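Breakdown of the fold
Listed here are the chains, written in short residue letters.
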Amino acid sequence: MTEQPGKQTPGTPRTARRHPRFAAFLFTGALLGLLGGFVISVIGPEDARYDTSVTLGFLGLICAAFGVLAGGIVAALLDKRR
């Protein structure tokens, strides 16, 4: 029986993927940004012009966008370092 190229046999070592997964960094950045936006909206001063839920959603989305940006920058820097 001949070995096929690219086929792993039980005795051969496997190579690890060394590049960051960009989607994981972007998703984690979005979640951390969303959480930060929620904390800022709860702790921050109240404004009579806006309802609490509007402030919560607005700051959550804005901070999530910045979190995605930060996660992308971190992933790009880690990928470039390689």
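Up top is the structure these notes are about.
Quick caveat, the model's predicted, so the values are computed rather than measured.

Conventions adopted
- Residues numbered from 1 in each chain as written.
- Predicted model: local features only at pLDDT ≥ 70, side-chain atom pairs only at ≥ 80, totals over all residues.
- Heavy atoms only, no water.
- Helix = DSSP H or I, 4+ residues; strand = E, 2+ residues; numbered from the N terminus.
- Buried < 20%, exposed > 50% of the residue type's maximum accessible area, 1.4 Å probe, protein only.
- Areas by Shrake-Rupley, 256 points an atom, 1.4 Å probe, with all protein chains shown as cover.
- Salt bridge = Lys/Arg side-chain N within 4 Å of Asp/Glu carboxyl O.

**What about the overall build of the protein?**
From N to C terminus, the protein includes two helices and zero strands. Taken across its 82 residues, the protein has 16% of its residues classed as buried. Of the roughly 7100 Å² of accessible surface on the protein, a fraction of 66% belongs to carbon and sulfur atoms.

**What to know about the environment of A24**
One can find A24 in helix α1 (residues 22-43). By relative accessible area, which is 40% here, A24 ends up partly exposed. Expressed as a C-alpha distance, the spacing of A24 and A75, which sit 51 residues apart in the sequence, is 9.1 Å.

**Brief notes about the pattern of salt bridges**
Under the definition given, this model contains one salt bridge. Of the charged contacts, one joins R49 and D47 as a salt bridge, the two residues approaching to 3.0 Å between their closest N and O atoms. Here D47 falls in the partly exposed class, since its relative accessible area comes to 33%.

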